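So the chains spell out like this:
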Amino acid sequence: MFDFISDYDDPTLLGAFWMTVKLTVFSGVGALVWGTLLAAMRVSPVPLMRGFGTAYVNIVRNTPLTVIIVFTSLGLADIFGMTMGAPDDFALQGFRLAVLGLAAYTAAFVCEALRSGINTVPVGQAEAARAIGLNFSQVLGLIVLPQAFRSVIGPLANVLIALTKNTTVAAAIGVAEAALLMKEMIENEAQTLLIGAVFAFGFVVLTLPTGLFLGWLSKRLAVKR
Amino acid sequence: MTSVLYDAPGPRAKRRNVIFSVVFVALLGLALWWVYRTMDDKGQLEWSLWKPFTESQAWTTYLLPGLGNTLKAAALAMIIALPLGAVLGIARLSDHRWVRVPAGVVVEFFRAIPVLLLMLFANEVYVRSTDISSDDRPLYAVVTGLVLYNASVLAEIVRAGILSLPRGQSEAGYAIGLRKGQTMKNILLPQAVTAMLPAIVSQLVVIVKDTALGGVLLNFTELLNARGTLAANYANVIPSFIVVALIFILLNFLLTSFASWLEARLRRSKRGTGAVLGADEVDDLNAAEVGDTHKAGGGGPA
């Protein structure tokens, strides 16, 4: 009944899901770093940086991820010759391009989540921090962001889960992850329903524990006020 | 305009802000200049590549039909998913376990699966077990995928909308002797629908964006797919990407702005309970159930 799984050896079913996990982890880290920077820009005292952050978030949030991912391949790689340090290895190049696109897209959502977290920090905290003479980056880095991060673990978990699901878009540029393998399998095998169920199960296994763990963590780490 | 994080700038801070601005502009300018140089080097700025967009043919043959299909799929998905989502959302609030649990399972299942998998699966099912013509099939598959996913998201919006109403609303309903169904129909739903409107409009943005998935993987001739044919014809990959992205951004920006305008208006209005489900609050629903710290606004007591 499950013969179709062993018929595919490159990538294997596990290999494809492992690619999905790798895409999620790498672009998740990238998005977290870039999103935090964007959030810092959006609340900074320099109007130009605020403008840039706002423009970035509004533009990227309203662009389909598919457009971004396909652009990294057809635009950045083919036209601009961006090889992402892997000029000959197209699989690796596709992977890195997908990570770049996913991180650039997800960062906008990380930024928005963080910004809403910054708003939950009571005014008095920042006032007290400024009263003892901390400057903007100290107030943000030592007082506000640590509390903001703890209060937005829930929303960030949702961003991460959405990212896990969004990695399937990398199939559009031929990255050998779960969606691409499922497309290949259901086209070649007769057991559409079974294959669909296997892949659905795979994603439930990936997203459910993430949601439960981060939900538990957000409850534990929440700043009690 | 001053923020919590910094004081109104004094002379030194003003000077520092100017320096930061100058450095930032320089960096940004450098990046833009680099993009410009690369585009120029690759010949992407030549007028012949951009000229098609000033003529009607590129629009009438490629972009407008593509945009039409995008909007068609999005509208169909929305119209079908909305009642389905309402039913699922209300079923999830049912007092009967045998209604509540299956509805919950369906909603959580389809929310956990990527839309793309749902589309691919639907497409294959249509190939194998129906005789929908291969011209229509991509549209059907895209709409099916979008409906399954968004119905479950909308179900959560409906549930959140009803839960966002003050408890007194339903208590008052029961107090004057209404039954559960009547309370839901006459008291809770009308208010919940108003509260949900901004969230529903912003869900449309997600649907519009997701139609692009069908273009690449199911060969549905929506806007992104139309871009491919256009670029194959005029050999203008970068310009066509820029134009198509602009159309998407403009369309979605209008929807986003409409949603936040609606939200602000509803929050302002004196009528109603003041419960408004904002554009960003739906994703937070699960988090809000576990610990509602991030919504605390100013951070009041408890």
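What counts, and at which threshold
Residues numbered from 1 in each chain as written. Chains lettered and ligands numbered in written order. Predicted model: local features only at pLDDT ≥ 70, side-chain atom pairs only at ≥ 80, totals over all residues. Heavy atoms only, no water. Axes fitted to C-alpha atoms, helices over the stretch in contact; angles between N-to-C directions. Helix = DSSP H or I, 4+ residues; strand = E, 2+ residues; numbered from the N terminus. Contact = heavy atoms within 4.5 Å. Bend = angle between axes of the 7 residues up to and from the residue. Buried < 20%, exposed > 50% of the residue type's maximum accessible area, 1.4 Å probe, protein only. Phe/Tyr/Trp six-rings, centres within 6.5 Å; stacked < 30°, edge-to-face > 60°. Lys NZ or Arg CZ within 6 Å of the ring centre and 35° of its normal. 1 Å grid on protein atoms, 1.4 Å probe; cavity = no way out; pocket = protein on both sides within 12 Å on 5 of 7 lines; lining within 4 Å. Points joined across faces, edges and corners; volume = space filled by probe spheres on them. Nonpolar A, V, L, I, M, F, W, Y, C, P; charged D, E, K, R; others polar. Parallel < 35°, antiparallel > 145°, perpendicular 65-115°, else oblique. Left-handed = near helix turned anticlockwise from the far one by under 90°. pLDDT = per-residue confidence, 0-100. Buried area = accessible area lost by both parts, 1.4 Å probe. Salt bridge = Lys/Arg side-chain N within 4 Å of Asp/Glu carboxyl O. Polar contact = N/O pair within 3.5 Å; in protein donor to acceptor, adjacent residues only side chain to side chain.

Undergrad: How would you explain the packing of helix 2 (residues 13–42) of chain A against helix 9 (residues 178–188) of chain A if you had to name every residue and give the values?
TA: Running from N to C, helix 2 of chain A and helix 9 of chain A cross one another at 145°; their axes reach a closest spacing of 8 Å. In contact with Leu13, Ala16, Phe17 and Thr20 of chain A of helix 2 of chain A, helix 9 of chain A contributes Ala178, Leu181 and Met185 of chain A.

Undergrad: Describe helix 7 (residues 136–151) of chain A, listing the residues and the values that go with them.
TA: All names here are of chain A. The largest bend in helix 7 is about 45°, located at Val144, with the proline Pro146 one to four residues further on. Residues Phe136, Val139, Leu140, Val144, Leu145, Gln147, Ala148 and Ser151 constitute the buried set of helix 7. Packing partners of the buried residues in helix 7 comprise helix 2, helix 5 (90–120), helix 6 (123–131) and helix 8 (153–166).

Undergrad: Can you explain the packing of aromatic side chains? Please cite residues and give values.
TA: Under the criterion given, the structure shown has 13 aromatic pairs over all chains. Measuring from ring centre to ring centre gives 5.5 Å for Phe17 of chain A and Phe203 of chain A, while their planes differ by 65°; the resulting arrangement is edge-to-face. Residue Phe17 of chain A is found in helix 2, and its partner Phe203 of chain A is found in helix 10 (residues 192–221); the two are separated by 186 residues along the sequence. The burial state of Phe17 of chain A is the same as that of Phe203 of chain A; both residues are buried. Stacked on the ring of Phe241 of chain B, the Lys or Arg Arg227 of chain B has its end atom at 3.9 Å from the ring centre.

Undergrad: How would you summarise the layout of surface pockets if you had to cite specific residues and measurements?
TA: Residues and elements named next belong to chain B. Considered as a void within the structure, the second largest pocket measures approximately 1,600 Å³ in volume. Examining the composition of the lining of the second largest pocket, we find that nine residues originate from one element, helix 1 (residues 11–41), more than from any other. Of the residues assigned to the lining of the second largest pocket, the class counts are 30 nonpolar, five polar and no charged.

Undergrad: Explain empty space enclosed by the protein to me, using residue names and the numbers behind them.
TA: Throughout the structure, instances matching the rule amount to two cavities of 30 Å³ or more. There is about 30 Å³ of room inside the second largest cavity. If you trace the second largest cavity, you find it lined by Lys183, Ile186 and Glu187 of chain A together with Leu120, Asn123, Glu124 and Leu218 of chain B. When residues of the lining of the second largest cavity are traced back to their parent elements, those giving at least two are helix 9 of chain A together with helix 5 (115–129) of chain B. Of the residues contributing to the lining of the second largest cavity, the split by class is three nonpolar, one polar and three charged.

Undergrad: Describe in detail the packing of helix 5 of chain B against helix 8 (residues 180–217) of chain B, supporting the description with residues and values.
TA: Residue and element names in this part refer to chain B. Axis separation between helix 5 and helix 8 bottoms out at 10 Å; the angle between their running directions is 50°. Between helix 5 and helix 8, the crossing angle belongs to the class labelled oblique. Considering only the axes of helix 5 and helix 8, their crossing is right-handed. Along its contact with helix 5, which presents Val115, Leu116, Met119 and Leu120, the element helix 8 presents Asp210, Leu213, Gly214 and Leu217.

Undergrad: Got a sec to walk through the confidence of the model for chain A? Specific residues and values, please.
TA: Looking at chain A as a whole, the pLDDT averages 90, with 100% of positions reaching at least 70. No element of chain A has a lower mean pLDDT than helix 1 (residues 3–6) of chain A, at 76, and none a higher one than helix 2 of chain A, at 94.

Undergrad: How would you summarise the interface of chain A and chain B if you had to cite specific residues and measurements?
TA: Counting residues at the interface gives 66 residues for chain A, matched by 58 residues for chain B. A combined buried area of about 5,400 Å² lies between chain A and chain B, and 71% of that area is made up of carbon and sulfur atoms. Where chain A packs against chain B, one counts zero salt bridges. Put simply, chain A and chain B have ten residue pairs in polar contact (both at pLDDT 80 or more) between them. Those elements giving two or more residues to the side of chain A that touches chain B turn out to be helix 3 (47–61), helix 4 (65–79), helix 5, helix 6, helix 7, helix 8, helix 9 and helix 10 of chain A. If you tally residues by element for the side of chain A that touches chain B, the top one is helix 10 of chain A, at ten residues. Across the side of chain A that touches chain B, the residue classes break down as 40 nonpolar, 17 polar and nine charged.

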